[in-house]
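Here is how the chains run, residue by residue.
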Amino acid sequence: DAGVTQSPTHLIKTRGQHVTLRCSPISGHKSVSWYQQVLGQGPQFIFQYYEKEERGRGNFPDRFSARQFPNYSSELNVNALLLGDSALYLCASSFVGGRVLTGELFFGEGSRLTVL
Amino acid sequence: LAKTTQPISMDSYEGQEVNITCSHNNIATNDYITWYQQFPSQGPRFIIQGYKTKVTNEVASLFIPADRKSSTLSLPRVSLSDTAVYYCLVGDRADYKLSFGAGTTVTVRA
């Protein structure tokens, strides 16, 4: 079975631009979460979606938004890019969701965003 | 967000046991505590998960005291391939946010 797939794997943008990152969960998983990982730091929680509804949001500005589609894939959008948005963006899927916050998360390899 | 604290780094030698403790408060009362391993340029990989007391699988053990304010990951007989960053992950009691620790870099030497 395919694992969590993310695209693109690498991309370079300039300040002020917009970026869309995509994630396909493992088949049967209904929960998707997004994380930002700056080099040398732990992943920072951005969003969690379960059954197409936002279940949780981390401390990120409104420039960050996400959605989950009927097939449970997800997009993360970042507007008005700043240099500080340069990071590895990780997507994770899980079978459990709802009121259970964690369960086992299966991570993709990430999308590495560089903002110049 | 729930606050988690882990040691920044730990050194060990092959064949030794490594214990990493994560302190966490305000975690969700109905949620699991989970540990992940991450190698450079890869996404984190699940190691073990527990709710309370002790859990053991083929690669690690997890000890969680009754108050659930900390958890200890135990890696028995580490090898060079266990050199990685290890994270604890908890959920926040108040607002259902997920919080990774800052990570513990474990370096295993021959």
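A brief structural summary. A quick note: this is a predicted structure, and the numbers were derived from the prediction, not measured.

Parameters and conventions
Residues numbered from 1 in each chain as written. Chains lettered and ligands numbered in written order. Predicted model: local features only at pLDDT ≥ 70, side-chain atom pairs only at ≥ 80, totals over all residues. Heavy atoms only, no water. Pairing = 2+ DSSP bridges. Helix = DSSP H or I, 4+ residues; strand = E, 2+ residues; numbered from the N terminus. Phe/Tyr/Trp six-rings, centres within 6.5 Å; stacked < 30°, edge-to-face > 60°. Lys NZ or Arg CZ within 6 Å of the ring centre and 35° of its normal. Core = buried A, V, L, I, M, F, W, Y, C linked by side-chain atoms within 4.5 Å. Buried < 20%, exposed > 50% of the residue type's maximum accessible area, 1.4 Å probe, protein only. Axes fitted to C-alpha atoms, helices over the stretch in contact; angles between N-to-C directions.

### Observations regarding the sheet that holds strand β6 (residues 53-56) of chain B
All names here are of chain B.
Okay, step 1: Reading across from one edge, β1-β3-β8-β7-β6 is the order of the 5 strands in this open sheet, with antiparallel pairing throughout. Each end of this open sheet is capped by a strand with a single partner; those strands are β1 (4-5) and β6.
Okay, step 2: Relative to strand β7 (residues 61-64), β6 runs antiparallel, the two being bridged by 4 bridges. The residue of β7 that forms the bridge with Val55 is Leu62.

### Focus on the packing of aromatic side chains
Each aromatic ring pair is summarised here by two numbers: the centre-to-centre distance and the angle between the ring planes.
Okay, step 1: The tally for this structure, following the rule as stated, stands at 11 aromatic pairs over all chains.
Okay, step 2: In textbook terms, an aromatic cluster arises when at least three aromatic residues are bridged by ring pairs, as seen for Tyr35, Phe45 and Phe107 of chain A together with Tyr36, Phe46, Tyr87 and Phe100 of chain B.
Okay, step 3: When the ring centre of Tyr51 of chain B is taken as origin, the NZ or CZ atom of Arg68 of chain B, which lies over that ring, is 4.2 Å away.

### Some words on the nonpolar core
Okay, step 1: Core analysis: the largest hydrophobic core is formed by 22 residues, its most contacted members being Trp34, Ile46, Leu76 and Tyr89 of chain A.
Okay, step 2: Every element with two or more residues in this core is listed here: β3 (19-24), β4 (31-37), β5 (44-50), β7 (64-68), β8 (74-78), β9 (87-94) and β11 (111-115) of chain A.
Okay, step 3: One finds Trp35, Tyr86, Val90 and Val108 of chain B within the second-largest nonpolar core, a separate group that totals 20 residues.

### Focus on the pairing of strand β9 (residues 84-91) of chain B
Residue and element names in this part refer to chain B.
Okay, step 1: Among the 8 residues in β9, 7 count as buried, and that is most of the element.
Okay, step 2: One ladder, built from 5 bridges, connects strand β4 (residues 33-38) with β9; its direction is antiparallel. Residue pairing in the sheet places Gln38 in a bridge with Val85 of β9.
Okay, step 3: Sheet topology note: the β9/strand β11 (residues 104-109) ladder contains 3 bridges and is antiparallel. Among the inter-strand pairings, Ala84 is bridged to a residue of β11, identified as Val106.
Okay, step 4: Of the pairings in the sheet, the one linking β9 to strand β10 (residues 98-100) comprises 3 bridges and is antiparallel in character. Across the sheet, the residue bridging to Val90 is Ser99, located in β10.

### Some points on the sheet that holds strand β1 (residues 5-7) of chain A
Residues and elements named next belong to chain A.
Okay, step 1: Taking strand neighbours across the sheet as the criterion, the 4 strands line up as β1-β3-β8-β7 in an open arrangement whose pairing is antiparallel. Only two strands of the sheet have a single partner each, and these edge strands are β1 and β7. Between one strand axis and the next, the sheet turns by 15 degrees as a mean value, whatever way the strands run.
Okay, step 2: Strand direction decides the pairing type here: β3 and β8, joined by 5 bridges, are antiparallel. By the bridge assignment, Leu21 is partnered in β8 with Leu76.

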